[in-house]
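Chain by chain, the residues run as shown.
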Amino acid sequence: MTAQYTFDVFMSLDGFGSHTGDWGGHWGKQGPELLAHRLAQYREDQRMVFGAHTHRVNARMLSAAAELDPWVTRLRTLPATVLSTTLADPLGWPDATIVAGDAVEVVARLKEESPVPLRSHGSLTLNRALLAAGLVDRVQVTVFPVLTGQTGVRPVFEGVADLDLELLETRTLDGRTQELIYRPTRHG
């Protein structure tokens, strides 16, 4: 049995993973149902997997935050593997291990050895490579009801391999935000 790997990502309807505008976190569209649902998902035992860039951004942002959503507090307490050839320090992350090496090989090994599911929130470059290698079991996309054509940055699926997606679950949160969970398979 291999551990299930979930690529968990937030994005605007037009496909951007973040923005430079004045939207705020979650594009200002988080509601009580979304936050409770996220907390329930992150309460489960799992290991987080981050690329170096996402880990740096998260560590800086979360250490500076006066108050965190409970699901984000939980995310930060989960054990994490950070794939990096440049970081030597976990940057204050409570239970993070830095692992150097080829990301595909490291995650393939983690999938074989981990007694708990693996989840990566963000880490677009890392997860594009893992999608191409066939190591992602689920793509969980939370689509916020905004278009960020002027301020959107980091297109989530830019350059990703051609994949067929089998819809496994869908839900509407707070009457506006969509969560879609897919099983990806290589097309063709």
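Preceding this paragraph is the structure being described.
For the structure given in this document, a descriptive report is provided here. (Residues numbered from 1 in each chain as written. Predicted model: local features only at pLDDT ≥ 70, side-chain atom pairs only at ≥ 80, totals over all residues. Heavy atoms only, no water.)

What about the overall build of the chain?
The criterion, for reference: A run of H or I in DSSP becomes a helix once it reaches four residues, and a run of E becomes a strand once it reaches two; helices and strands are each numbered from the N terminus. Each radius of gyration is computed over the set of C-alpha atoms, and the globule rule expresses the reference value as 2.2 Å times the number of residues to the power 0.38. We call a residue buried when its accessible area falls under 20% of the maximum for its residue type, exposed when it is over 50%, and partly exposed in between, using a 1.4 Å probe and counting protein chains only. Here a residue-residue contact requires only that any non-hydrogen atoms of the pair lie within 4.5 Å. All accessible areas in this document rest on Shrake-Rupley with a 1.4 Å probe, and a residue is counted as covered only by the protein chains that are shown.
In terms of helices and strands, the chain carries five helices and 10 strands. For the chain, whose C-alpha radius of gyration is 16 Å, the value lies close to the compact-globule estimate of 16 Å for 188 residues. Overall, the chain is about 45 × 40 × 30 Å in size when its C-alpha atoms are taken along their principal axes. Here the chain, with 188 residues, has 43% of them falling under the buried criterion. Look at the contacts in the chain between residues 6 or more apart in sequence, and 75% of them connect residues 24 or more apart. With an accessible surface of roughly 9500 Å², the chain has 53% of that area assigned to carbon and sulfur atoms.

Concerning the environment of Asp89
Cut-off, in case you're wondering: What qualifies as a polar contact is a pair of N or O atoms within 3.5 Å, subject to a donor-acceptor requirement within protein and to the restriction that residues adjacent in sequence count only when both atoms come from side chains.
Locating Asp89 in the fold gives a position in the loop between β4 (80–83) and β5 (96–99). Judged by its relative accessible area of 44%, Asp89 falls in the partly exposed class. With 81 residues separating them along the chain, Asp89 and Asp8 place their C-alpha atoms 24 Å apart. Polar contacts involving the side chain of Asp89 include one to the main-chain amide nitrogen of Leu91, which spans 2.5 Å.

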